[in-house]
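Next come the chains, spelled out residue by residue.
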Amino acid sequence: MINSIPITDAGDLRLADYVALREVNLRKSLESAEGLFIAEGEKVIRRAVEAGYRPRSFLLAERWLASLRDVLVRCPDTPVYLATEEVTEQVTGFHVHRGALASLHRQPPRPVEDVLGRRRPRRSRIAVLENLVDHANVGSAFRNAAALGVDAVLVTPSCADPLYRRAIKTSMGNVFNVPWTRTPPMPDLLDLLRAHGYTTVALTLADDSITLDELAERDLPALALIFGTEGAGVDPRTARDVDLRVRIPMAAGVDSLNVAAATAVVFYVTR
Ligand SMILES: C[S@@+](CC[C@H](N)C(=O)[O-])C[C@H]1O[C@@H](n2cnc3c(N)ncnc32)[C@H](O)[C@@H]1O
């Protein structure tokens with residue numbers, strides 16, 4: 001059975017979870033206060049529910065009922081609000097191309113130790129996203145991690161939220177597949193990584209960095225690959241305190257890669 005509820009008024013308070021989806025600051029405070037996040041599009045909603053996230057509600061154009069039926073019948077108590085695309089656009093503030101939204105409960109944060117594993121890893125690569133600002137870069141890094149076999153992603157306390165709608169979208173739902181959690185701040189995180197057997201590696205253009213090919217040649221068993229923020233790069237204290245600094249050599253005249261592109265190159269070469 002599907003608990004479908006037609007909604008014709010964009011001011012209906014039952015749609016409060018979906019208000020003003022493009023207003024980043026408003027959404028950040030609403031989503032953290034309510035412990036929710038928004039998934040957009042049939043595939044992404046399906047992945048979230050299959051990964052064990054519990055839906056609070058769905059907001060769909062009627063034509064999505066058929067393709068999401070198997071998901072909806074698994075959540076018989078969850079309201080499925082049915083609205084026209086015009087009503088949804090008034091609530092969310094933009095045209096929802098894929099016509100399907102869901103509001104889901106966040107899960108309690110996982111302890112870092114659980115994500116790293118209790119035993120010393122034989123072979124493992126994890127990515128650390130240090131203070132990334134742009135949700136699309138965070139999402140792309142998760143997609144690259146999933147596609148190129150990285151075991152987990154750690155995000156530092158100030159890093160943009162992987163469960164923000166845009167991050168989920170650019171990850172293609174891979175934020176639900178790749179184990180991840182938020183970490184303690186640096187330098188405690190470096191200590192924790194070393195205690196778990198990881199060699200800490202900052203991706204940075206520092207003068208004393210070795211090349212990515214040289215890193216690959218060392219064939220180290222457990223790598224924590226740390227990527228820095230879009231503007232300033234890896235925090236200078238982190239870059240100073242890590243075990244290795246590594247650069248992707250750039251052709252003359254080009255300063256650096258976009259951080260998401262850098263993750264793809266590094267994940268591929270170290271696979
Ligand atoms: C746009 S870059 C930041 C550039 C910054 N000016 C710097 O000096 O690091 C964002 C992040 O992508 C990674 N990155 C981009 N290009 C890189 C390269 N050629 N070598 C190593 N890391 C790179 C680094 O982790 C960097 O912190």
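By the naming in an unreviewed UniProt entry, the protein chain goes by tRNA G18 (Ribose-2'-O)-methylase SpoU and is assigned to Microlunatus parietis.

**Student:** Sorry, what's going on with the sheet that holds strand β4 (residues 80-82) here?
**Tutor:** Within a sheet, adjacent strands bond to each other through the backbone by hydrogen bonds, running parallel or antiparallel. Overall, mixed pairing links the 5 strands, which are arranged β1-β4-β3-β5-β2 in an open sheet. Edge positions in the open sheet fall to β1 (4-6) and β2 (36-40), since each of these has one partner strand only. Each adjacent strand pair in this sheet contributes to an overall mean axis angle of 20°, direction not counted. Alignment of β1 against β4, held across 3 bridges, turns out to be parallel. By the bridge assignment for β4, Ser4 is matched with Val80. Across the face of the sheet, helix α1 (residues 24-34) comes into contact with β2 and β3 (55-60) while running at roughly 115° to β2.

**Student:** Looking at this structure, how should I read the site of the ligand?
**Tutor:** The immediate surroundings of the ligand are formed by 19 residues, with Leu203, Gly228, Gly233, Ile248 and Leu257 found nearest. Between the ligand and Gly228, the relevant distance is 3.1 Å, taken from an oxygen atom to a main-chain nitrogen or oxygen of the residue. Taking Ile248, its main chain carries an N or O atom lying 2.9 Å from a nitrogen atom of the ligand. Within the complex, 88% of the 560 Å² of free accessible area of the ligand lies under protein. If you list the elements that add at least two residues to the shell around the ligand, you get β12 (244-247) and α12 (259-269).

How each quantity is defined
Residues numbered from 1 in each chain as written. Predicted model: local features only at pLDDT ≥ 70, side-chain atom pairs only at ≥ 80, totals over all residues. Heavy atoms only, no water. Pairing = 2+ DSSP bridges. Helix = DSSP H or I, 4+ residues; strand = E, 2+ residues; numbered from the N terminus. Axes fitted to C-alpha atoms, helices over the stretch in contact; angles between N-to-C directions. Contact = heavy atoms within 4.5 Å. Near = heavy atom within 4 Å. Polar contact = N/O pair within 3.5 Å; in protein donor to acceptor, adjacent residues only side chain to side chain. Areas by Shrake-Rupley, 256 points an atom, 1.4 Å probe, with all protein chains shown as cover.

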